[in-house]
Amino acid sequence: MSKTKKSTIGHYEMLFIMPNKFTEDEAKTVIEKVEKTIADGSGQITSREYWGKKKLAYEIKHNSYGYYSLCEFDLEKNALAAIDQSLRLSTDVLRHQIIIKKSKTEEELAHDKKINEKIVAKKAEEEKEAKLKEKKQADTPEATPKAAPKKEKRTDMKDLDEKLEGILSAKDLI
Amino acid sequence: MNNKKTKECYFCVNNLEVDYKDTRTLKRFINFYMKILPGKRTGVCAWHQRKLATAIKRSRVMALLSATHK
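Residues numbered from 1 in each chain as written. Chains lettered and ligands numbered in written order. Predicted model: local features only at pLDDT ≥ 70, side-chain atom pairs only at ≥ 80, totals over all residues.

As for the overall build of chain B
So, point 1. What chain B contains, in helices and strands, is four helices and zero strands.
So, point 2. Along chain B, helices and strands appear, N-terminal first, in the series α-α-α-α.
So, point 3. Split into buried and exposed, the 70 residues of chain B put 21% on the buried side.
So, point 4. Intrachain contacts of chain B at a sequence separation of at least 6 include 67% that bridge at least 24 residues. (Helix = DSSP H or I, 4+ residues; strand = E, 2+ residues; numbered from the N terminus. Buried ≥ 20, exposed ≤ 12 C-beta atoms within 10 Å, placed from the backbone. Contact = placed C-beta atoms within 7 Å.)

Notes on the overall build of chain A
So, point 1. Scanning chain A from N- to C-terminus turns up three helices and four strands.
So, point 2. Its helices and strands taken in sequence order, chain A reads β-α-β-β-α-β-α from the N to the C terminus.
So, point 3. Here the analysis covers contacts within chain A between residues at least 6 apart in sequence; of these, 77% occur between residues at least 24 apart.

Quick look at the interface of chain A and chain B
So, point 1. With twelve residues of chain A in contact, the opposing surface of chain B contributes nine residues.
So, point 2. Going through the elements one at a time, β1 (9-18), β2 (44-60), β4 (95-100) and α3 (106-173) of chain A are the ones with two or more residues in the side of chain A that touches chain B.
So, point 3. When grouped by side-chain class, the residues that make up the side of chain A that touches chain B number eight nonpolar, two polar and two charged. (Nonpolar A, V, L, I, M, F, W, Y, C, P; charged D, E, K, R; others polar.)

Description of unusual backbone geometry
Excluding glycine, residues mostly carry a negative phi; peptide bonds, for their part, are mostly trans.
All names here are of chain A.
So, point 1. With a phi close to 65 degrees, H62 is a non-glycine residue in the positive phi region.
So, point 2. Here H62 is to be found in the loop between β2 and β3 (63-76).
So, point 3. Accessibility expressed as a C-beta count within 10 Å gives 7 for H62, which makes it exposed.

As for helix α1 (residues 24-40) of chain A
Residues and elements named next belong to chain A.
So, point 1. Taking 1.5 Å per residue as the helical rise, α1 with its 17 residues ought to reach 24 Å, and the 25 Å between its terminal C-alpha atoms agrees with that figure.
So, point 2. Looking only at α1, the buried set comprises A27, V34 and I38. The buried residues of α1 occupy one face: seen down the axis, they fall within an arc of 45 degrees. Those residues of α1 that are exposed and aimed more than 90 degrees away from the buried face are D25, T29, E32, K33, K36 and D40. (Expected span 1.5 Å × (residues − 1). Arc of directions from axis to C-beta.)

Description of the environment of R28(B)
All names here are of chain B.
So, point 1. Its location among the elements puts R28 in the loop between α2 (23-26) and α3 (39-42).
So, point 2. A residue is classified by how many C-beta atoms lie within 10 Å of it, and R28, with 11 of them, is exposed.
So, point 3. Sequence separation between R28 and A67 is 39 residues; the distance between their C-alpha atoms is 15 Å.

Observations concerning the confidence of the model for chain B
All names here are of chain B.
So, point 1. For chain B, the average pLDDT comes to 88, and 91% of its residues sit at 70 or higher.
So, point 2. The weakest mean pLDDT in chain B belongs to helix α1 (residues 10-13) at 89; the strongest belongs to helix α4 (residues 46-61) at 94.
So, point 3. On the interface metric, ipTM, the complex scores 0.81, and its pTM is 0.72. (pLDDT = per-residue confidence, 0-100.)

In structure tokens, the structure reads:
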């Protein structure tokens, strides 16, 4: 494994929080600043996402709210530490987290597509089966309980009649 | 003995990736005390359980999830 063969550029994803002391517009200027630091370190921003003001799960430096922003960028691996350090020192950013993001190859994407199609097909089949079962269940239990109690009632009536007749005849005998 | 349902891995079955930003799905795998539930209970496979643990910890760092309940 020689180091020269490996690519020196990595794909990263960064999420950072700006404190609540800023207004919405000021927060956006801070984002521009952060992006500038990445660009200065010869990085290329591939995508950015602004989440807006959100409540933090716990207080960070007496801030219970913060502005979240997400960006993805390609950067040389050597330049990452400097950007990390500069963000850590800046007071404009409450907290940041840089994560190595693996971009999927075409083969993997195709594989994913296949699996997703399979899942969709499976779900459709399961739904069909469930519907059939429901129909069967709807057909069978309704037929049986309706028939059964009626018969019982009839038999009951017949039994009662017979008993009554028996009693009456017995009384007559006495 | 076979009364228990056989659980399937949520991420394998739906072909999903574990994402630390997606707190709504992460919340399925933590309990009231914000502790990470064991894979044995949630049915997550070992490979995804490892990803899930790091994802939950990452979202705790970024205050998307809290580490304790109030």
